[in-house]
Structures are given as structure tokens and as C-alpha cells.
Amino acid sequence: MCFSEVPFKVSTYFFPLNLDTSEIKGMSGFIFLHNLGGTLILLGQTDRYFSYLSKAWYPAWEKKEIIFELHENLKFSDGSPITTEDVEFSIKRLILKDSMHLGLRELIKGADKINSIDDKVAGIKIIDKYKIRFLFTKMSPLNLYIFSLPDSTIISKKQLKNG
């Protein structure tokens, strides 16, 4: 076999130092994270959205809002339930950390005004344990897309606040 016929392969791997969705910076990190957690929806190969943590979503273009309805009885690995409080907490963390893929500070109404995780965001409203509403400054197809990105993985408010 000639030297020119020898296959040459290069692989690189990135393993996150922590599981903070706002600090993941590489594709392999996103893939790793996406397999550990869940986003509200998934974007399929045919550009169709599929249910994941949410069983339904209701975009209202004229109102500039999307309402997500979570599946009931979802649980984190520690057995605690996944609720809309966890969704709100996860998205607010991304707003505060200016996640590199998501322009949430500009897209979600009132997000540009928060300075801490405890601040209220005008554009995030928990309707009940399983429904949450996001109100946007403008609507585009990207508004739904951001909730399918690995950055938007929902994390446990309880686990993160407790260490």
C-alpha cells in the first residue's frame, strides 16, 4: 500500500467541565448535554418540531407568544418532578449569562431588565404546573427554534440551587 492510500482521521472531543447549559461552547459538548437533559421540543431532520419535554406548544403569532405544555409526570434523575418553575429558572439563567446561541435578552419581553435570577421577567409567565407562556418582542421562526437547542436544556432549579 502506498503512503497516499493510508486513511488519515482526526477526532476531537470536548467534555464539559460542568453541566451548566450556559457554559457549553462546542458541538460535542452540546451533543453530550442534549443526551443528558431535555429541551422543550426537538427539531427533526425534516425541519418539523417534535414533542420532547412538552407535549404541546401553541404559537400565537399575532400575540407574539408561545405557550408550552409539559408532559405530566416527567422527572429529573433524582426523582424530582420537572415543572414550569424549572423551565423558567433554566431560561432566566440563559438570559443572565447571555448564552452565545440565544438572543433571549432581546427576544423575550422584559428580559433586558433583569439582573438576578429572582427578578421577574415580563415575558415569562407560569400559567400552572405544566403550562408556561413566553411573550416576545418580535416573532420569527427562530422563536420556536431556540427551545430546541441544547443550550435550552431544562435543568433542575432545586439541584442547582442546592449545589
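Attention here is on the structure that accompanies the text.

About the cut-offs
- Residues numbered from 1 in each chain as written.
- Predicted model: local features only at pLDDT ≥ 70, side-chain atom pairs only at ≥ 80, totals over all residues.
- Heavy atoms only, no water.
- Phe/Tyr/Trp six-rings, centres within 6.5 Å; stacked < 30°, edge-to-face > 60°.
- Helix = DSSP H or I, 4+ residues; strand = E, 2+ residues; numbered from the N terminus.
- Buried < 20%, exposed > 50% of the residue type's maximum accessible area, 1.4 Å probe, protein only.
- Lys, Arg positive; Asp, Glu negative; His and termini not counted.
- Salt bridge = Lys/Arg side-chain N within 4 Å of Asp/Glu carboxyl O.
- Contact = heavy atoms within 4.5 Å.
- Pairing = 2+ DSSP bridges.

## Section: the packing of aromatic side chains
Argument step 1. Tallied over the full model, the rule gives four aromatic pairs.
Argument step 2. Cluster of aromatic residues (ring-pair linked, three or more members): Phe68, Phe134, Phe136 and Phe147.

## Topic: the side chain of Lys92
Argument step 1. Its location among the elements puts Lys92 in helix α2 (residues 84-96).
Argument step 2. Of the side chains with opposite charge, Glu88 lies nearest to the buried Lys92, which makes no salt bridge, at 4.2 Å.
Argument step 3. Excluding anything up to four places from it in sequence, Lys92 contacts Ile114, Ile117, Asp118, Asp119, Val121 and Ile124.

## A word on the environment of Ala56
Argument step 1. Assignment of secondary structure puts Ala56 in strand β3 (residues 54-60).
Argument step 2. Look at Ala56 and you get buried, because its relative accessible area is 17%.
Argument step 3. When the C-alpha positions of Ala56 and Glu69 are compared, they lie 5.2 Å apart, and in sequence the two are 13 residues distant.

## Topic: the pattern of salt bridges
Argument step 1. All chains considered together, the criterion is met by five salt bridges.
Argument step 2. Between Lys55 and Glu69 there is a salt bridge, and its shortest N-O distance comes to 3.6 Å. Residue Lys55 is located in strand β3, and its partner Glu69 is located in strand β4 (residues 65-70); the two are separated by 14 residues in the primary sequence.
Argument step 3. For Glu69, a relative accessible area of 14% corresponds to the buried category.
Argument step 4. Its salt-bridge partner being Asp78, residue Lys158 comes within 3.7 Å of it at the nearest N-O pair. Residue Lys158 is found in helix α5 (residues 157-161), and its partner Asp78 is found in the loop between β4 and α2; the two are separated by 80 residues along the sequence.
Argument step 5. Since its relative accessible area comes to 47%, Lys158 is described here as partly exposed.

## So, the pairing of β4
In summary, the side chains of a regular strand alternate between the two faces of the sheet.
Argument step 1. When you tally the buried positions in β4, you get six out of six residues, the bulk of the element.
Argument step 2. By the alternation rule, side chains of β4 split into Glu65, Ile67 and Glu69 and Ile66, Phe68 and Leu70, which are all buried.
Argument step 3. For β3 and β4, the ladder comprises six bridges, and the chain directions are antiparallel. The residue of β4 that forms the bridge with Ser54 is Leu70.
Argument step 4. Linkage of β3 to β4, two consecutive antiparallel strands, is achieved through a turn of four residues, within which Lys64 is found at a positive phi near 60°.
Argument step 5. In this sheet, strand β6 (residues 131-135) lies alongside β4 in antiparallel orientation, the contact comprising five bridges. The partner of Glu65 across the bridge, within β6, is Leu135.

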